[in-house]
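Residue strings, one per chain:
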Amino acid sequence: MSARDAILARLKGPSPDQAEADALLVAPERPAVNEATLEAEFLARLALPSVNASHDVVGSMADLPTAIARYLAGQGEALTLCLPPDPRLTACDWGGFTLHDSAAPDEAAVLAIARRGIAETGSLIFETGPTAPMLPNFLALHHIVLLAVRDIAPHLENAPLTGPQPRAHYWVTGVSGTTDIEGAYVRGAHGPRFLHVILLRN
Amino acid sequence: MSGFTDRAEAALADPILKIAVERTAGTAEAKRGIAIDAFPDFEAARSRAAAIKDHVIAHLGAYLEQFEANAIAAGAKVHWARTADEACAIVIAICKAEGAKSVARSKSMLGEEIGLPHALAEAGIGRVETDLAEHIIQLADERPSHIIWPAMHKTRDQVSALFKAKHRSPHQEETIAAMAESARRELRTQMLNADVGMSGANFLIADSGAVCTVTNEGNAELSLVPPRVHIVTAGIEKIVPSMPHAIHMLRMLARSATGAALTQYTTFYTGPKRAGDRDGPDAMHIVLVDNGRTKMREEGLAEMLRCIRCGACMNHCVVFRQIGGHAYGGTYPGPMGAVLTPVLDGLAPNRDLIHACTLNGKCQEVCPVRIPLPTLLKGWRDKSWREGLEPTSMRAGLGLWAWIATRPSLYRPVTTIAMRVMRLLGKKGWIASLPLAGGWTRHRDMPRPAAQTFMTQYKKARRP
């Protein structure tokens, strides 16, 4: 008997009732979020020490390069950016920037578009795809994220896509941190040390 | 003297260990308390989490088959292992078939449980642990002492010495930030150049075939995206029906483990790289491991399969906070470890471990999935007694006590005499040394008994 058959033989039982599984999710306990002030709630969570992100606001995509230049200059970084091949980003005027679409091991800054922001936790939701590589978002020192205000949702239950899943669906709720040495918190353990969110109003 | 007793005595005599354990566990306890106070109705949330896990355990076979079908449909290969040896053999065979020389591994307690580090070493496959604490432990050639903070027993001076001895470009400043930066430099190229990325799973999502991992360091993603192969080893109890079920468990896990609302990085991996994807592994293998779990389900330990490995039980355990994790001897320390270790390593060699508990119930109070840990430990004690594993002296002593205690006319004079003798041994209210009970008085004094027995006082009080 194969290992699979041997294990499953010991676990024989009735098939799960979908209604029973669904009933376990009725009215879940979770932090309250005021849907009338989603943006403010999201920004408040983003500023918590546990998330530790800065933010900026732009009125349109045309303002995005200027906002990023402002951030990088404030951080003392050159105008060098890892830019994913997303047509919404490549269409912007990046004059003055040095761009590349593959992240170097010591990449300074990367830009990515979050599909959603979650007010409950200040999380940013991403999915992999041909125009959305994953690795640069974990390699760079500065993780810069563009998020449309209309994509802010109240709870984590709003994060998943319905239907077929992408290869990777991931939530970013802060920077790479560790408390592994004497409990002292250190930012940038392996990945980004800084998280900067640019809200797009239009 | 048994292994556990020796280890516990050594741990108690180590003043640095006590400080290190207390610092991390105490902070975790405080942060959890703040997070739970801020959460609406955490008690109801605990009940829901327990109900989700019980539902899964009741239908475990069906959910595993559903997960398998969906993972395969997403392009992953699913393997099944009855034992730790089978699981390691599968992993090593995959590595050899892929010609893998190096493995980047994200922290996985299941990997520790099945002895994967040892199996990789035996197979001649290089392994780099990428969680900072696991990296420290690997350099020190030690075992984790906590399931969330594996290197909690190490001081900054010890870590500094390790990094200076083993890193190619170690830190120059004696700060924790500089040490972490040294590890960042050391590990980054190894993660990017590894042939295989290995992880456990915090949750397996049945209706999508996704594998969920959580980290605060982001080392899982850096370990699992660049290599050409991703191998997951996961206990079969990690299944949840859907992502919304996982979301409830994630809310419980982060708050119970570190007091955070959520870990910094939460990722759901569904199969290998897709057409057009710019990164990700070419192959994904998922090894579903039993290693005693079906037996636990059959033999009265099903509630233990609810465990989501948050570590809250050990952070709140008065025993763990005195002796740390290594004294427990097994893969899993603390109260959950005391219940699991006899399953994994046998009851006979762990007979004294199951007695290392005051049964104060704190672990059960903080468990996010309401595991009745004291009851399960008492079950092990009962089994140990029934199987004749308790020492002859204890069996004889308890037998004598039971014989006398069931004869009140004998019990009362005997206890009166015993009390008088004990009072003669006591000074200033305490007995420093008690014949036939040296184990009790070696490390602490026993209160001097009252002048009269309870029954004598009771009878006196009843007289008009």
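For chain B, the name recorded in an unreviewed UniProt entry is Lactate utilization protein, with Sphingobium cupriresistens as its organism.

The name given to chain A in an unreviewed UniProt entry is LUD domain-containing protein, and the organism recorded there is Sphingobium cupriresistens LL01.

Let us now look at the pattern of salt bridges. A complete count under the given rule lists 39 salt bridges over all chains for this structure. The salt bridge involving Glu65(B) is made with Arg4(A); its shortest N-O contact spans 3.7 Å. With Glu65(B) in helix H4 (residues 60-73) and Arg4(A) in helix H1 (residues 3-10), this pair bridges two chains. Here Arg4(A) falls in the partly exposed class, since its relative accessible area comes to 26%. Salt bridges here are not isolated pairs; linked through shared partners, they connect Arg4(A), Asp5(A), Glu65(B) and Glu68(B).

If you check the domain split of chain B, you get domain 1 (14-153 + 187-294) and domain 2 (406-462). The centre of domain 1 of chain B, based on its C-alpha atoms, is set 52 Å off from the matching centre of domain 2 of chain B.

On the side of chain B, 89 residues touch chain A, which itself brings 73 residues to the contact. With both chains or domains summed, chain A and chain B bury close to 6,800 Å², and 59% of this area falls on carbon and sulfur atoms. Note that Arg278(B) is salt-bridged to Asp101(A), the shortest N-O span being 3.1 Å. On inspection of chain A and its partner chain B, the count reaches 38 residue pairs in polar contact (both at pLDDT 80 or more). Mapped by element, the contributors of at least two residues to the side of chain A that touches chain B are H1, helix H2 (18-23), helix H6 (136-139), strand E9 (168-172) and strand E10 (177-178) of chain A. At six residues, the largest contribution of residues to the side of chain A that touches chain B is made by H1(A). Direction of pairing for E9(A) relative to strand E9 (residues 265-269) of chain B: antiparallel, over a ladder of five bridges. Looking across to E9(B), one finds that Val172(A) is bridged to Tyr265(B).

Turning our attention to the UniProt feature "domain: LUD" (unreviewed entry) in chain B. Per the UniProt record, "domain: LUD" (unreviewed entry) is found at residues 64-289 of chain B. Taken end to end, residues 64-289 of chain B is 42% helix and 21% strand, and its two terminal C-alpha atoms sit 11 Å from one another.

Moving on, we come to the sheet that holds strand E3 (residues 126-129) of chain B. All names here are of chain B. If you walk across this open sheet you meet the six strands as E1-E10-E7-E4-E2-E3, and the pairing is parallel. Lying at the two open borders of the sheet, with one neighbouring strand each, are strand E1 (77-81) and E3. Put simply, the sheet's adjacent strands are angled 20° from each other on average, direction ignored. Pairing geometry for strand E4 (residues 196-199) and strand E7 (residues 229-235), over four bridges, is parallel. What sits directly across from Gly197, in E7, is His230.

With that settled, the discussion passes to the layout of surface pockets. Residue and element names in this part refer to chain B. The calculated volume of the second largest pocket comes to roughly 1,000 Å³. If you go around the second largest pocket, you meet 25 residues; those closest to its centre are Phe4, Thr5, His355, Gly439 and Arg444. Among the elements of the structure, helix H1 (3-12), helix H15 (320-323), helix H19 (392-405) and helix H21 (438-441) are those that each provide at least two residues to the lining of the second largest pocket. Sorting elements by how many residues they give to the lining of the second largest pocket places H1 first, with five residues.

On to the state of the cysteines. Residues and elements named next belong to chain B. The tally for this structure, following the rule as stated, stands at zero disulfides over all chains. No disulfide involves Cys313; its sulfur sits 6.4 Å from that of Cys363, the nearest cysteine. Residue Cys313 is classed as buried on the basis of its relative accessible area of 8%. As a non-bridged cysteine, Cys317 has Cys357 as the owner of its nearest cysteine sulfur, 6.5 Å distant. A residue is classified by how much of its surface remains accessible, and Cys317, at 13% relative accessible area, is buried.

Here we come to the UniProt feature "domain: Lactate utilization protein B C-terminal" (unreviewed entry) in chain B. UniProt records the feature "domain: Lactate utilization protein B C-terminal" (unreviewed entry) for residues 399-458 of chain B in the present numbering. Taken end to end, residues 399-458 of chain B is 57% helix and 7% strand, and its two terminal C-alpha atoms sit 27 Å from one another.

Turning our eyes to something else, we now look at a positive patch on the surface. Residues and elements named next belong to chain B. Residues Arg412, Lys459, Lys460 and Arg463 make up a contiguous surface patch of positive charge. Tracing the chain through its elements places Lys459 in helix H22 (residues 454-462). Judged by its relative accessible area of 42%, Lys459 is partly exposed.

Unlike most non-glycine residues, Glu182(A) shows phi in positive territory, near 55°. With respect to the element layout, Glu182(A) can be found in the loop between E10 and strand E11 (186-187). Given the relative accessible area of 17%, Glu182(A) is considered buried. The phi dihedral of Asn291(B) falls on the positive side, at around 45°, and the residue is not glycine. Here Asn291(B) shows up in the loop between strand E10 (283-289) and helix H13 (293-298). On the basis of relative accessibility, which here comes to 15%, the residue Asn291(B) falls in the buried class.

What follows concerns the UniProt feature "domain: LUD" (unreviewed entry) in chain A. In the UniProt entry, the feature "domain: LUD" (unreviewed entry) is given for residues 114-200 of chain A. Between the end C-alpha atoms of residues 114-200 of chain A there is a gap of 11 Å, over a span that is 5% helix and 38% strand.

Conventions and cut-offs
- Residues numbered from 1 in each chain as written.
- Chains lettered and ligands numbered in written order.
- Predicted model: local features only at pLDDT ≥ 70, side-chain atom pairs only at ≥ 80, totals over all residues.
- Heavy atoms only, no water.
- Salt bridge = Lys/Arg side-chain N within 4 Å of Asp/Glu carboxyl O.
- Helix = DSSP H or I, 4+ residues; strand = E, 2+ residues; numbered from the N terminus.
- Buried < 20%, exposed > 50% of the residue type's maximum accessible area, 1.4 Å probe, protein only.
- Domains from an automatic or database assignment.
- Contact = heavy atoms within 4.5 Å.
- Buried area = accessible area lost by both parts, 1.4 Å probe.
- Polar contact = N/O pair within 3.5 Å; in protein donor to acceptor, adjacent residues only side chain to side chain.
- Pairing = 2+ DSSP bridges.
- UniProt positions renumbered as here; feature names shortened; annotations may be inferred.
- Axes fitted to C-alpha atoms, helices over the stretch in contact; angles between N-to-C directions.
- 1 Å grid on protein atoms, 1.4 Å probe; cavity = no way out; pocket = protein on both sides within 12 Å on 5 of 7 lines; lining within 4 Å.
- Points joined across faces, edges and corners; volume = space filled by probe spheres on them.
- Disulfide = S-S within 2.5 Å.
- Patch = residues over 30% accessible without salt bridge, like charges linked within 9 Å, V, L, I, M, F, W, Y side chains within 5 Å.
- Areas by Shrake-Rupley, 256 points an atom, 1.4 Å probe, with all protein chains shown as cover.
- Lys, Arg positive; Asp, Glu negative; His and termini not counted.
- Charge placed at Lys NZ, Arg CZ, Asp CG, Glu CD.

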